[in-house]
Amino acid sequence: MKDKNTSPETAPTAAGNNNIVITIGRSFGSGGRVLGRKLADAFGFSYYDKELLSEAAKRAGVSREFFEKSDERFPSFFNGIFSFAFGMSPTSYFTGPTAISDDSLYRAQSDFIHSLAEKDSCVIVGRSSDYVLRDFPRTVNIFVHAPEDVCARRIRDRDPDAPTLEKARAKAARINKLRSNYYNFYTDKTWGAASSYDLTFDTSLLTMDQIVEVVAHYIRLRFPDALKAK
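The structure presented is a predicted model; accordingly, all values stated were derived computationally and were not measured. (Residues numbered from 1 in each chain as written. Predicted model: local features only at pLDDT ≥ 70, side-chain atom pairs only at ≥ 80, totals over all residues. Heavy atoms only, no water.)

A short note on helix H7 (residues 165–186)
Quick note on the threshold: Comment: elements are numbered from the N terminus, with helices defined as DSSP H or I runs of at least four residues and strands as E runs of at least two. Each helix should span, by expectation, one fewer than its residue count multiplied by 1.5 Å. Only protein chains enter the accessibility calculation, which uses a 1.4 Å probe; a residue whose area is less than 20% of its type maximum is buried, one above 50% is exposed, and one in between is partly exposed.
Counted at 1.5 Å a residue, the expected span for H7 with its 22 residues is 32 Å, and the 32 Å between its end C-alpha atoms agrees. Every buried residue of H7 is listed here: Ala168, Lys171, Ala172, Ile175, Asn176, Arg179, Ser180, Tyr182, Tyr183, Phe185 and Tyr186.

See the structure below:
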């Protein structure tokens, strides 16, 4: 579990930064990326999801393909190497051009998330970004979910690797377990628990556009200067 003490990758933001950062945690198939895109488009914010991987991999000095293997997955042995820092002041161990600890990969990604928050208002999907930015004063942390059958139908309709509802359910269960283990390991919170976020939505009850309206209203109430009235 991550130490609550401020570390380099979670340093407080510079004074006077008025950026708004929306973070989105999501169960697989619930539409988190779709919502993220809609929020970014509606508010004129930057949007980041898979783009994080490429930049963080570059900063860590490893290939994108290697970095993707650890994306939102519970730390494991990489080339026989494991950092026992458990998210606290990790040490990088290199034995070759692609050998790097999971903690170092997490730090590289966390550093980049902070640079995004400092740069401009944005939407960041996944990567425990709500926790990474816990000291950033103007974040809105969202979690989206949906009933299992709803998620399974969405996955089946978009994913050629899950052409049946049975395979879609199995894939959702596997990926949700990976995401939960990753989040719970690197933070002191619980993935998917309402208390870990500012807003949670069942995406089967409202359209994405309706959720955008709710989020916009929430932001205007909490940060009156953040969004221009439409």
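Details of helix H6 (residues 148–158)
Here is the rule: Any two residues whose heavy atoms approach within 4.5 Å at even a single point are treated as in contact.
Turning to H6, its buried residues are Val150, Cys151, Ala152 and Ile155. The elements touched by buried residues of H6 are H7.

Digging into the sheet that holds strand E5 (residues 199–202)
The condition is simple: Whether two strands pair comes down to DSSP finding at least two bridges between them. Working convention: axes come from line fits to C-alpha atoms, limited for helices to the stretch in contact. Angles between N-to-C directions cover 0 to 180 degrees.
Strand order in this open sheet of 5 strands is E2-E3-E1-E4-E5, and the pairing throughout is parallel. Looking at strand neighbours, the two that pair on one side only are strand E2 (46–48) and E5, the edges of this open sheet. On average, each strand axis in the sheet is tilted by 20° relative to the strand beside it, whichever way the strands run. As defined by bridge partners, strand E1 (residues 21–26) adjoins strand E3 (residues 122–125) across 4 bridges and the pair is classed as parallel. When the sheet's bridge partners are listed, Val21 is paired in E3 with Cys122. Along the sheet face, helix H1 (residues 32–43) touches E1, E2, E3 and strand E4 (139–145) and points at about 165° away from the line of E1.

Here's the deal with the environment of Leu227
Relative to the helices and strands, Leu227 is located in the segment after helix H8 (208–222). Spatially, the C-alpha atom of Leu227 lies 9.4 Å from that of Gly44, the residues being 183 residues apart in sequence. Sequence-distant contacts of Leu227, that is, excluding residues within four places in its chain, are made with Phe43, Phe45, Ala216, Ile219 and Arg220.

With respect to the pattern of salt bridges
How we decide: Put simply, a salt bridge is a Lys or Arg side-chain nitrogen that is within 4 Å of an Asp or Glu carboxyl oxygen.
Tallied over the entire structure, the rule returns 10 salt bridges. The salt bridge partner of Arg127 is Asp49, with a shortest N-O separation of 2.6 Å. Remark: Asp49 occurs in the loop between E2 and helix H2 (51–60) and Arg127 occurs in the loop between E3 and helix H5 (129–132); sequence separation between them is 78 residues. In this structure, the salt-bridge partner of Lys189 is Asp130, at a minimum N-O distance of 2.7 Å.

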